[in-house]
Amino acid sequence: RRDDVRAGALLGLAAALKVTPLLFAVALPLMGRARAAAAMLLTVGALVFALPWPLCGTDEHLRHLADFWRAATASLREADAAIVEFGAGPSVRGTLDYLLQARPVDPEGHRVHVLDLSDEALAAVRLVWSAVLGGLLALWFWRARRLPTAQRLVEQAAAVTLAMSFFAPLLRVYHLAAALVPAVLFCRGPRSRRDVLWFATALALLLAMTLRQKNLLGETLWRAFDVGGLLHFALVAMLVWLVREVRSGVGGGGAGGAGGAGG
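Keep in mind that what you see is a predicted model, and the values were worked out from it rather than measured.

Observations regarding the overall build of the protein
Item 1. Secondary structure summary: the protein contains 14 helices and zero strands in total.
Item 2. Along the chain direction, N to C, the helices and strands of the protein fall in the order α-α-α-α-α-α-α-α-α-α-α-α-α-α.
Item 3. Within the protein, the proportion of its 263 residues that are buried is 39%.
Item 4. Taking the contacts inside the protein whose residues are at least 6 apart along the sequence as the reference set, 61% of them involve residues at least 24 apart.
Item 5. As presented, the protein carries roughly 14,400 Å² of accessible surface, and 65% of it is formed by carbon and sulfur atoms.

Some details on the confidence of the model for the protein
Item 1. Counting all residues, the mean pLDDT for the protein is 86, and 89% of those residues have values of 70 or more.
Item 2. Ranking the elements of the protein by mean pLDDT puts helix α14 (residues 256-262) last, at 43, and helix α7 (residues 119-143) first, at 96.
Item 3. This model gives residues 251-263 a pLDDT under 50, and the stretch forms 15 contacts once residues within four places in sequence are excluded.

Here we look at the packing of aromatic side chains
Item 1. The final tally for this structure, using the stated rule, is five aromatic pairs.
Item 2. The interplanar angle of 85° and the centroid separation of 5.2 Å between the aromatic rings of W198 and F199 together place this pair among those described as edge-to-face.
Item 3. A relative accessible area of 14% means that W198 is categorised as buried.
Item 4. On the basis of relative accessible area, F199 is assigned to the partly exposed category, the value being 39%.
Item 5. Aromatic rings pair up to connect F186, W198, F199 and W241 into one cluster.

The rules behind each value
- Residues numbered from 1 in each chain as written.
- Predicted model: local features only at pLDDT ≥ 70, side-chain atom pairs only at ≥ 80, totals over all residues.
- Heavy atoms only, no water.
- Helix = DSSP H or I, 4+ residues; strand = E, 2+ residues; numbered from the N terminus.
- Buried < 20%, exposed > 50% of the residue type's maximum accessible area, 1.4 Å probe, protein only.
- Contact = heavy atoms within 4.5 Å.
- Areas by Shrake-Rupley, 256 points an atom, 1.4 Å probe, with all protein chains shown as cover.
- pLDDT = per-residue confidence, 0-100.
- Phe/Tyr/Trp six-rings, centres within 6.5 Å; stacked < 30°, edge-to-face > 60°.

Structural data, given as C-alpha coordinates:
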(Lines give C-alpha, C1' and ligand atoms only; values in the text may rest on other atoms or scores of the structure.)
Protein backbone atom coordinates (compact mmCIF):
# COMPACT_ATOMS: atom_id res chain seq x y z
CA ARG A 1 0.00 0.00 0.00
CA ARG A 2 3.00 2.30 -0.58
CA ASP A 3 3.62 2.55 3.17
CA ASP A 4 7.27 1.50 3.11
CA VAL A 5 8.06 2.64 6.65
CA ARG A 6 5.29 0.61 8.25
CA ALA A 7 6.09 -2.40 6.05
CA GLY A 8 9.75 -2.21 7.03
CA ALA A 9 8.85 -1.92 10.71
CA LEU A 10 6.69 -5.05 10.51
CA LEU A 11 9.49 -6.95 8.78
CA GLY A 12 11.88 -5.64 11.43
CA LEU A 13 9.61 -7.04 14.13
CA ALA A 14 9.73 -10.42 12.38
CA ALA A 15 13.54 -10.26 12.12
CA ALA A 16 13.84 -9.37 15.82
CA LEU A 17 11.99 -12.61 16.63
CA LYS A 18 13.60 -14.84 13.98
CA VAL A 19 16.93 -14.40 12.20
CA THR A 20 16.02 -15.56 8.67
CA PRO A 21 13.74 -12.57 7.80
CA LEU A 22 16.92 -10.45 7.77
CA LEU A 23 17.24 -11.66 4.18
CA PHE A 24 14.64 -8.98 3.36
CA ALA A 25 17.15 -6.31 4.38
CA VAL A 26 19.21 -7.42 1.37
CA ALA A 27 16.25 -7.96 -0.97
CA LEU A 28 14.26 -4.77 -0.28
CA PRO A 29 16.72 -2.35 -1.94
CA LEU A 30 16.75 -4.65 -4.99
CA MET A 31 12.95 -4.44 -4.96
CA GLY A 32 13.14 -0.64 -5.08
CA ARG A 33 12.17 -0.32 -1.43
CA ALA A 34 15.24 1.21 0.25
CA ARG A 35 13.10 3.10 2.79
CA ALA A 36 11.51 -0.16 3.90
CA ALA A 37 14.97 -1.71 4.32
CA ALA A 38 16.10 1.24 6.44
CA ALA A 39 12.95 1.06 8.60
CA MET A 40 13.48 -2.68 9.02
CA LEU A 41 17.07 -2.31 10.21
CA LEU A 42 16.16 0.55 12.57
CA THR A 43 13.39 -1.56 14.08
CA VAL A 44 15.71 -4.52 14.59
CA GLY A 45 18.29 -2.24 16.17
CA ALA A 46 15.75 -0.70 18.52
CA LEU A 47 14.20 -4.00 19.62
CA VAL A 48 17.35 -6.10 19.90
CA PHE A 49 20.07 -3.64 20.89
CA ALA A 50 18.40 -0.60 22.47
CA LEU A 51 15.18 -1.67 24.22
CA PRO A 52 16.65 -4.38 26.52
CA TRP A 53 19.64 -2.25 27.56
CA PRO A 54 18.05 -0.13 30.33
CA LEU A 55 16.07 -3.15 31.53
CA CYS A 56 19.06 -5.53 31.84
CA GLY A 57 21.97 -3.22 32.44
CA THR A 58 25.05 -3.04 30.26
CA ASP A 59 26.88 -6.17 31.44
CA GLU A 60 23.82 -8.43 31.37
CA HIS A 61 22.69 -7.04 28.02
CA LEU A 62 26.10 -7.68 26.44
CA ARG A 63 26.11 -11.20 27.87
CA HIS A 64 22.71 -11.95 26.34
CA LEU A 65 23.81 -10.55 22.98
CA ALA A 66 26.96 -12.71 23.02
CA ASP A 67 24.92 -15.82 23.90
CA PHE A 68 22.46 -15.05 21.11
CA TRP A 69 25.27 -14.57 18.58
CA ARG A 70 26.89 -17.88 19.51
CA ALA A 71 23.56 -19.74 19.28
CA ALA A 72 22.61 -18.10 15.97
CA THR A 73 25.94 -18.82 14.28
CA ALA A 74 26.74 -22.22 15.82
CA SER A 75 25.07 -24.11 12.98
CA LEU A 76 27.30 -22.29 10.48
CA ARG A 77 30.53 -22.71 12.46
CA GLU A 78 30.07 -26.23 13.82
CA ALA A 79 29.02 -29.24 11.74
CA ASP A 80 27.68 -31.01 14.86
CA ALA A 81 26.13 -28.00 16.59
CA ALA A 82 23.51 -28.99 19.15
CA ILE A 83 20.92 -26.67 17.61
CA VAL A 84 20.79 -28.77 14.42
CA GLU A 85 21.23 -32.21 15.95
CA PHE A 86 18.64 -34.54 14.41
CA GLY A 87 17.76 -31.59 12.15
CA ALA A 88 16.34 -33.49 9.17
CA GLY A 89 13.86 -31.33 7.30
CA PRO A 90 13.02 -29.75 3.94
CA SER A 91 15.97 -27.33 3.81
CA VAL A 92 19.07 -28.07 1.72
CA ARG A 93 21.10 -29.04 4.74
CA GLY A 94 18.26 -30.90 6.45
CA THR A 95 17.78 -33.05 3.33
CA LEU A 96 21.22 -33.68 1.83
CA ASP A 97 23.03 -34.23 5.12
CA TYR A 98 20.81 -37.20 5.94
CA LEU A 99 20.39 -38.62 2.44
CA LEU A 100 24.12 -38.50 1.65
CA GLN A 101 25.63 -39.46 5.03
CA ALA A 102 24.78 -42.17 7.54
CA ARG A 103 23.51 -39.75 10.19
CA PRO A 104 20.70 -40.68 12.57
CA VAL A 105 17.58 -38.62 11.98
CA ASP A 106 16.25 -39.14 15.51
CA PRO A 107 17.40 -40.27 18.97
CA GLU A 108 16.34 -43.85 18.11
CA GLY A 109 19.07 -43.96 15.45
CA HIS A 110 16.95 -44.33 12.28
CA ARG A 111 18.83 -43.54 9.07
CA VAL A 112 17.61 -42.75 5.57
CA HIS A 113 20.88 -42.33 3.66
CA VAL A 114 21.28 -43.58 0.11
CA LEU A 115 25.01 -42.75 0.09
CA ASP A 116 27.62 -42.27 2.79
CA LEU A 117 29.87 -39.50 1.48
CA SER A 118 32.85 -37.97 3.19
CA ASP A 119 32.41 -34.56 4.82
CA GLU A 120 34.32 -32.92 1.96
CA ALA A 121 32.21 -34.58 -0.75
CA LEU A 122 28.99 -33.73 1.08
CA ALA A 123 30.05 -30.09 1.41
CA ALA A 124 30.77 -29.96 -2.34
CA VAL A 125 27.38 -31.48 -3.26
CA ARG A 126 25.61 -29.14 -0.87
CA LEU A 127 27.42 -26.14 -2.38
CA VAL A 128 26.55 -27.11 -5.96
CA TRP A 129 22.91 -27.82 -5.13
CA SER A 130 22.63 -24.55 -3.20
CA ALA A 131 24.07 -22.70 -6.20
CA VAL A 132 21.46 -24.30 -8.48
CA LEU A 133 18.62 -23.28 -6.18
CA GLY A 134 20.11 -19.83 -5.66
CA GLY A 135 20.31 -19.40 -9.43
CA LEU A 136 16.65 -20.36 -9.88
CA LEU A 137 15.58 -17.99 -7.10
CA ALA A 138 17.63 -15.15 -8.61
CA LEU A 139 16.13 -15.86 -12.04
CA TRP A 140 12.62 -15.72 -10.57
CA PHE A 141 13.41 -12.47 -8.78
CA TRP A 142 14.90 -10.98 -11.96
CA ARG A 143 12.12 -12.06 -14.31
CA ALA A 144 9.50 -10.51 -12.04
CA ARG A 145 11.02 -7.03 -12.46
CA ARG A 146 8.96 -6.32 -15.61
CA LEU A 147 5.60 -7.05 -13.95
CA PRO A 148 3.33 -4.27 -12.64
CA THR A 149 4.41 -3.10 -9.20
CA ALA A 150 1.94 -5.06 -7.05
CA GLN A 151 2.58 -8.30 -8.96
CA ARG A 152 6.32 -7.72 -8.96
CA LEU A 153 6.50 -7.22 -5.21
CA VAL A 154 4.50 -10.33 -4.39
CA GLU A 155 6.59 -12.49 -6.75
CA GLN A 156 9.87 -11.12 -5.42
CA ALA A 157 8.75 -11.45 -1.81
CA ALA A 158 7.79 -15.06 -2.54
CA ALA A 159 11.28 -15.72 -3.88
CA VAL A 160 12.80 -14.31 -0.69
CA THR A 161 10.63 -16.39 1.64
CA LEU A 162 11.31 -19.57 -0.33
CA ALA A 163 15.03 -18.79 -0.12
CA MET A 164 14.64 -18.54 3.67
CA SER A 165 13.13 -22.03 3.66
CA PHE A 166 15.82 -23.62 1.49
CA PHE A 167 18.87 -22.14 3.20
CA ALA A 168 17.89 -22.05 6.87
CA PRO A 169 20.30 -24.27 8.87
CA LEU A 170 17.33 -25.73 10.75
CA LEU A 171 13.87 -25.96 9.18
CA ARG A 172 10.95 -27.81 10.73
CA VAL A 173 7.72 -28.27 8.80
CA TYR A 174 5.96 -25.59 10.85
CA HIS A 175 8.65 -23.07 9.80
CA LEU A 176 7.18 -23.32 6.30
CA ALA A 177 4.54 -20.85 7.47
CA ALA A 178 7.07 -18.32 6.15
CA ALA A 179 6.59 -19.82 2.66
CA LEU A 180 2.90 -18.95 2.56
CA VAL A 181 3.33 -16.44 -0.28
CA PRO A 182 4.92 -18.86 -2.79
CA ALA A 183 2.37 -21.48 -1.70
CA VAL A 184 -0.47 -19.07 -2.53
CA LEU A 185 1.08 -18.38 -5.94
CA PHE A 186 1.39 -22.11 -6.56
CA CYS A 187 -2.28 -22.58 -5.63
CA ARG A 188 -3.29 -20.45 -8.62
CA GLY A 189 -3.23 -23.83 -10.29
CA PRO A 190 -2.15 -25.01 -13.73
CA ARG A 191 -3.06 -23.37 -17.00
CA SER A 192 -4.11 -26.72 -18.45
CA ARG A 193 -4.87 -30.23 -17.32
CA ARG A 194 -1.73 -31.39 -19.12
CA ASP A 195 0.55 -29.48 -16.74
CA VAL A 196 2.31 -32.58 -15.40
CA LEU A 197 4.75 -30.58 -13.28
CA TRP A 198 2.00 -28.83 -11.31
CA PHE A 199 -0.02 -32.00 -10.63
CA ALA A 200 3.06 -34.04 -9.68
CA THR A 201 4.21 -31.27 -7.33
CA ALA A 202 0.77 -30.95 -5.74
CA LEU A 203 0.63 -34.73 -5.17
CA ALA A 204 4.11 -34.72 -3.61
CA LEU A 205 3.12 -31.86 -1.29
CA LEU A 206 -0.01 -33.75 -0.25
CA LEU A 207 1.97 -36.88 0.59
CA ALA A 208 4.72 -34.93 2.35
CA MET A 209 2.38 -32.72 4.41
CA THR A 210 -1.39 -33.16 4.52
CA LEU A 211 -1.45 -36.94 4.03
CA ARG A 212 1.79 -37.63 5.92
CA GLN A 213 0.16 -39.73 8.63
CA LYS A 214 1.71 -42.86 10.11
CA ASN A 215 -1.61 -44.68 10.46
CA LEU A 216 -2.65 -43.78 6.92
CA LEU A 217 0.56 -44.61 5.04
CA GLY A 218 2.13 -47.25 7.25
CA GLU A 219 5.40 -46.73 9.10
CA THR A 220 7.72 -47.40 6.16
CA LEU A 221 6.14 -44.85 3.81
CA TRP A 222 5.50 -42.43 6.62
CA ARG A 223 9.15 -42.41 7.63
CA ALA A 224 10.32 -42.21 4.01
CA PHE A 225 8.06 -39.24 3.23
CA ASP A 226 8.82 -37.57 6.57
CA VAL A 227 12.63 -37.52 6.41
CA GLY A 228 13.42 -38.96 2.97
CA GLY A 229 13.60 -35.64 1.16
CA LEU A 230 10.17 -35.71 -0.52
CA LEU A 231 9.10 -32.33 0.85
CA HIS A 232 12.39 -30.68 -0.14
CA PHE A 233 12.17 -31.91 -3.72
CA ALA A 234 8.48 -30.97 -3.87
CA LEU A 235 9.47 -27.42 -2.90
CA VAL A 236 12.15 -27.48 -5.60
CA ALA A 237 9.53 -28.56 -8.15
CA MET A 238 7.26 -25.77 -6.93
CA LEU A 239 10.13 -23.31 -7.43
CA VAL A 240 10.67 -24.53 -11.01
CA TRP A 241 6.95 -24.15 -11.75
CA LEU A 242 6.87 -20.63 -10.29
CA VAL A 243 9.92 -19.59 -12.34
CA ARG A 244 8.24 -20.95 -15.45
CA GLU A 245 4.98 -19.15 -14.67
CA VAL A 246 6.54 -15.75 -14.10
CA ARG A 247 8.30 -16.14 -17.45
CA SER A 248 5.04 -16.87 -19.22
CA GLY A 249 3.35 -14.01 -17.39
CA VAL A 250 5.89 -11.35 -18.39
CA GLY A 251 4.58 -9.24 -21.22
CA GLY A 252 1.23 -10.98 -21.32
CA GLY A 253 -1.91 -11.58 -19.33
CA GLY A 254 -0.74 -14.74 -17.57
CA ALA A 255 0.33 -13.05 -14.34
CA GLY A 256 -3.17 -11.98 -13.38
CA GLY A 257 -3.32 -14.62 -10.68
CA ALA A 258 -0.23 -13.13 -9.06
CA GLY A 259 -1.86 -9.72 -9.11
CA GLY A 260 -4.90 -11.14 -7.38
CA ALA A 261 -2.71 -12.75 -4.73
CA GLY A 262 -0.78 -9.50 -4.34
CA GLY A 263 -3.96 -7.54 -3.86
